[in-house]
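The residues making up each chain are set out below.
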Amino acid sequence: MCRVICVSNQKGGVAKTTTCINLGIGLARAGKKVLLIDADAQGSMAASLGIQEPDGLDFTLANIMEKVINDEDLEPGEGILHHTEGIDFIPANIELAGLETSLVNIMSRETILRQFINSIRERYEYIIIDTMPSLGMITVNALVAADCVLIPVEAAYLPVKGLQQLIKTIGKVHRKLNPALTIMGILLTKVDRRTNFARDISAQIREVYGSRVHIFENCIPLSVRAVETSAEGKSIYLHDPKGIVAQGYQRLTKEVLEDEE
Ligand code: ADP
Ligand code: MG
């Protein structure tokens, strides 16, 4: 059984990419077969996994999706890269932005990514999709391909409006395109434990959304150590194994594993 998790929030900088990488590697460390898919034209996942210039890659998610659109066969494993910490990943780069514009005229344009994922899902236990800071057609493709959505929210201001819009979009995809889609939960990220402010925001999010949406027990604390990992091409577990962010992602991984049972 494979679970496809879409990590989404149309706001940038809320730790979507950081969460994909550290949840994905966390699950791999627990013995799971994991594939990460970057669905963001900025290519920051590839960069965080050690690829110096994502825009120089000659085969990315855009090429895979093009092949699906053109009904061309993919070789087994084509376009899938491996990271030393035990995960597979499919990078993206600027070409995905071009593909997004060309999707407008394509038949079944919302299901291109799902068609690809369905062809490989039996090889993995978790497929985690990182999305871009927009609710455009590529993000819709990710939501259509997913079983559930994990929503990272930065505990820095009250993000009610953006969150409402995201939850509305997820609801729409659920009704029209992917009836199996559920919201896995809201993950509070970059929580500054030194201030009451972060605590107030957490309390408010629980108050406003807690009755409708699951909110993960564990928050991810704010720490400069998390920023450093993106430059190093490795996870927080290698960069700062005893730190609070590694601990946060370990606990999140545990919650996700328990959710499976
Ligand atoms: P997104 O993918 O949502 O745009 P990123 O994962 O790229 O967000 O994170 C945005 C920025 O915040 C990056 O510079 C990243 O290093 C930093 N960051 C992520 N998690 C944390 C954290 N727990 N503490 C401090 N900075 C963080
Ligand atoms: Mg990102």
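Residues numbered from 1 in each chain as written. Chains lettered and ligands numbered in written order. Predicted model: local features only at pLDDT ≥ 70, side-chain atom pairs only at ≥ 80, totals over all residues. Heavy atoms only, no water.

Engineer: Please clarify how the overall build of the protein should be interpreted in this entry.
Structural biologist: Of regular secondary structure, the protein possesses eleven helices and seven strands. Once the C-alpha set of the protein is aligned to its principal axes, its extents read approximately 55 × 40 × 35 Å. Taking all 261 residues of the protein together, 54% fall into the buried category. Residue pairs at least 24 apart in sequence account for 78% of intrachain contacts in the protein once pairs closer than 6 positions are excluded. Carbon and sulfur atoms provide 50% of the accessible area of the protein, an area that totals close to 12000 Å². (Helix = DSSP H or I, 4+ residues; strand = E, 2+ residues; numbered from the N terminus. Buried < 20%, exposed > 50% of the residue type's maximum accessible area, 1.4 Å probe, protein only. Contact = heavy atoms within 4.5 Å. Areas by Shrake-Rupley, 256 points an atom, 1.4 Å probe, with all protein chains shown as cover.)

Engineer: Explanation requested: the sheet that holds strand β5 (residues 126-131) in the structure shown.
Structural biologist: Each strand in a sheet pairs with another by means of backbone hydrogen bonds, the pair being arranged parallel or else antiparallel. Spatially, the seven strands line up as an open sheet ordered β3-β4-β2-β5-β1-β6-β7, and their pairing is mixed. One side of each edge strand has no neighbouring strand; the edge strands of this open sheet are β3 (81-83) and β7 (182-189). The mean inter-strand angle of the sheet, taken between neighbouring strand axes irrespective of direction, is 25°. Across the sheet, helix α5 (residues 112-120) touches β1 (3-7), β2 (34-39), β4 (87-90) and β5, and the angle it forms with β5 is around 155°. (Pairing = 2+ DSSP bridges. Axes fitted to C-alpha atoms, helices over the stretch in contact; angles between N-to-C directions.)

Engineer: Can you help me understand the packing of helix α1 (residues 16-29) against helix α11 (residues 244-260) in this one?
Structural biologist: Helix-helix packing is characterised by the crossing angle of the two axes and by the distance between the axes. Two numbers describe how α1 lies on α11: the axes approach to 9 Å, and their chain directions differ by 65°. As summarised for this structure, α1 and α11 are arranged roughly perpendicular, according to the angle between their axes. Crossing hand, α1 versus α11: right-handed. Residues T18, T19, N22, L23, G26 and L27 of α1 form the contact with α11, whose participating residues are Y249, L252, T253, V256 and L257. (Parallel < 35°, antiparallel > 145°, perpendicular 65-115°, else oblique. Left-handed = near helix turned anticlockwise from the far one by under 90°.)

Engineer: Help me understand the layout of surface pockets, please; the structure alone is not making it clear to me.
Structural biologist: To locate leftover empty space, one rolls a probe as large as a water molecule over the atoms. Space inside the largest pocket adds up to approximately 520 Å³. Lining the largest pocket are 30 residues, with A15, K16, T17, T18 and S230 sitting closest to its centre. If you list the elements that add at least two residues to the lining of the largest pocket, you get α1, α2 (44-48), α9 (224-232) and α11. Ranked by residue count, the leading element in the lining of the largest pocket is α1, at five residues. (1 Å grid on protein atoms, 1.4 Å probe; cavity = no way out; pocket = protein on both sides within 12 Å on 5 of 7 lines; lining within 4 Å. Points joined across faces, edges and corners; volume = space filled by probe spheres on them.)

Engineer: What am I meant to see in helix α6 (residues 137-145) here?
Structural biologist: Counting buried residues along α6, eight of its nine residues qualify, which places the element largely inside the surrounding structure. Of all the residues in α6, the buried ones are I138, T139, V140, N141, A142, L143, V144 and A145.

Engineer: Could you clarify how one ought to interpret α5 in this entry?
Structural biologist: An α-helix turns once every 3.6 residues. As a result, residues three or four positions apart point the same way. What α5 keeps buried is the set I112, L113, F116, I117 and I120. All buried residues of α5 project into a common sector of 125° when viewed along the axis, lining one side. For α5, the elements touching its buried residues are β1, β2, α3 (61-69), β4, β5 and α6. (Arc of directions from axis to C-beta.)

Engineer: Honestly, the pairing of β1 in this entry has me stumped. Any pointers?
Structural biologist: Sheet faces and side chains relate simply in a regular strand, where the side chains alternate between the two faces. For β1, the tally of buried residues reaches four of five residues, placing the bulk of the element in the interior. Both β1 and β5 contribute to a ladder of five bridges, which runs parallel. Following the sheet pairing, I5 is matched in β5 by I128. Here β1 runs beside strand β6 (residues 148-154); their pairing, made up of three bridges, is parallel. For I5, the partnering residue across the bridge sits in β6 and is C148.

Engineer: Just to check I follow, could you spell out the site of ligand 1 for this structure?
Structural biologist: Taken together, 16 residues are adjacent to ligand 1, and G13, T17, T18, K190 and P221 come closest. A distance of 3.1 Å separates an oxygen atom of ligand 1 from a polar atom in the backbone of V14. Isolated, ligand 1 exposes 560 Å² of accessible area, and the fraction of that covered by the protein chains is 81%. Of the residues belonging to the shell around ligand 1, the class tally is eight nonpolar, six polar and two charged. (Near = heavy atom within 4 Å. Polar contact = N/O pair within 3.5 Å; in protein donor to acceptor, adjacent residues only side chain to side chain. Nonpolar A, V, L, I, M, F, W, Y, C, P; charged D, E, K, R; others polar.)

Engineer: Mind showing me how you'd approach a negative patch on the surface here?
Structural biologist: Side chains of E53, D55, D58, E66, D71, E72, D73, E75 and E95 sit close together on the surface and give a patch of like negative charge. Relative to the elements of secondary structure, D71 occurs in the loop between α3 and β3. (Patch = residues over 30% accessible without salt bridge, like charges linked within 9 Å, V, L, I, M, F, W, Y side chains within 5 Å. Salt bridge = Lys/Arg side-chain N within 4 Å of Asp/Glu carboxyl O. Lys, Arg positive; Asp, Glu negative; His and termini not counted. Charge placed at Lys NZ, Arg CZ, Asp CG, Glu CD.)

Engineer: Before we go on, may I ask you to explain the pattern of salt bridges in this structure?
Structural biologist: Inspection of the entire model under this criterion finds eight salt bridges. For D147, the salt bridge identified is with R121, shortest N-O distance 3.0 Å. Highlighted residues: D147 in the loop between α6 and β6 and R121 in the loop between α5 and β5, separated in sequence by 26 residues. On the basis of relative accessibility, which here comes to 21%, the residue D147 falls in the partly exposed class. You can call R121 partly exposed: its relative accessible area is 21%. Note that K234 is salt-bridged to E232, the shortest N-O span being 3.5 Å.

Any functional reading would require information beyond the geometric quantities listed.
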